[in-house]
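Fold and geometry: a report
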Amino acid sequence: QVQLVESGGGLVQAGGSLRLSCAASGRTFSSYAMGWFRQAPGKEREFVAAISWSGGSTYYADSVKGRFTISRDNAKNTVYLQMNSLKPEDTAVYYCAADLRDLNTVVVVTRGYEYDYWGQGTQVTVSS
């Protein structure tokens, strides 16, 4: 069983920054590919960013590329999402997810249905 707990959400003005954290349980966190997704009211969940288990590969949705950065600290069992230049359209509940498959060191996972565990989410609200 893996538990994921997100934190760091909040209310910020457009142009501001937030850093989300996702703390994971489990002794083999360093072998999990991780991802961030978001869901705005009335919309489907969408992919935001992903990182391979080694941290050597990352991938971003076009809508956040150049503004968001995903990273991980395997010693702390934590994955981060640094969000800069926030826009009102970034308002959503943000979820982290873990993929426990035995993946190649450079593989990133962008499809939600491939993830095994999800956190409870953290609200990000960007005001204009």
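Structure shown above.
Rules used throughout
Residues numbered from 1 in each chain as written. Predicted model: local features only at pLDDT ≥ 70, side-chain atom pairs only at ≥ 80, totals over all residues. Heavy atoms only, no water. Core = buried A, V, L, I, M, F, W, Y, C linked by side-chain atoms within 4.5 Å. Buried < 20%, exposed > 50% of the residue type's maximum accessible area, 1.4 Å probe, protein only. Helix = DSSP H or I, 4+ residues; strand = E, 2+ residues; numbered from the N terminus. Contact = heavy atoms within 4.5 Å. Pairing = 2+ DSSP bridges. Axes fitted to C-alpha atoms, helices over the stretch in contact; angles between N-to-C directions. Salt bridge = Lys/Arg side-chain N within 4 Å of Asp/Glu carboxyl O. Polar contact = N/O pair within 3.5 Å; in protein donor to acceptor, adjacent residues only side chain to side chain. Phe/Tyr/Trp six-rings, centres within 6.5 Å; stacked < 30°, edge-to-face > 60°. Lys NZ or Arg CZ within 6 Å of the ring centre and 35° of its normal.

1. Here we look at the nonpolar core
Of all hydrophobic cores here, the largest spans 37 residues; its most connected members are Met 34, Trp 36, Leu 81, Met 83 and Tyr 94. Residue assignment for this core shows that the elements contributing at least two residues are strand S3 (18-24), strand S4 (33-39), strand S5 (46-51), strand S7 (68-73), strand S8 (78-83), strand S9 (92-99) and strand S11 (122-127). Residues within four places of Met 34 in sequence aside, it is in contact with Leu 4, Cys 22, Phe 29, Ala 50, Ile 51, Ile 70, Arg 72, Val 79, Ala 97, Ala 98 and Tyr 115.

2. With respect to the environment of Leu 18
Along the chain, the position of Leu 18 falls in strand S3. For the pair Leu 18 and Leu 81, spaced 63 residues apart in sequence, the C-alpha to C-alpha distance is 8.2 Å. With residues near it in sequence (within four places) discarded, Leu 18 still touches Gly 8, Gly 9, Gly 10, Val 12, Leu 81, Gln 82, Met 83, Leu 86 and Val 124.

3. Things to note about the sheet that holds strand S1 (residues 4-7)
Across the sheet, which stays open at both edges, the 4 strands sit in the order S1-S3-S8-S7 with antiparallel pairing between neighbours. Because the sheet does not close on itself, it has two edges, and the strands there are S1 and S7. The mean inter-strand angle of the sheet, taken between neighbouring strand axes irrespective of direction, is 15°. Relative to S8, S7 runs antiparallel, the two being bridged by 6 bridges. Residue pairing in the sheet places Ser 71 in a bridge with Tyr 80 of S8.

4. Examining the pattern of salt bridges
By the definition in use, this model includes 7 salt bridges. Measuring nitrogen to oxygen at the nearest pair gives 2.7 Å for the salt bridge that ties Arg 67 to Asp 90. Residue Arg 67 is found in the loop between strand S6 (58-60) and S7, and its partner Asp 90 is found in the loop between S8 and S9; the two are separated by 23 residues along the sequence. Taken individually, Arg 67 and Asp 90 each receive the classification buried, so the pair is uniform in this respect.

5. Focus: the environment of Trp 53
Within the fold, Trp 53 resides in the loop between S5 and S6. It is 27 Å that separates the C-alpha atoms of Trp 53 and Thr 91, two residues lying 38 residues apart in sequence. Here Trp 53 is in contact with Ser 30, Ser 31, Tyr 32, Ala 33, Arg 72, Asn 74, Leu 103, Asn 104 and Thr 105, once residues within four sequence places are set aside. From its side chain, Trp 53 meets the backbone oxygen of Leu 103 in a polar contact 2.9 Å long.

6. Observations regarding the pairing of S3
Taken across its 7 residues, S3 has 5 buried, putting it largely inside the fold. For S1 and S3, the ladder comprises 4 bridges, and the chain directions are antiparallel. What sits directly across from Glu 6, in S3, is Cys 22. Both S3 and S8 contribute to a ladder of 6 bridges, which runs antiparallel. Counterpart to Leu 18 in the pairing with S8 is Met 83.

7. What about the packing of aromatic side chains?
Under the definition given, this model contains 6 aromatic pairs. Grouped by ring-pair contacts, the aromatic residues Phe 37, Phe 47, Tyr 59, Tyr 115 and Trp 118 constitute a single cluster. The ring of Phe 37 has Arg 45 sitting right over it, with the charged end atom 5.6 Å from the ring centre. Across the ring face of Tyr 59, the terminal group of Lys 65 is positioned such that the distance to the ring centre comes to 5.9 Å.

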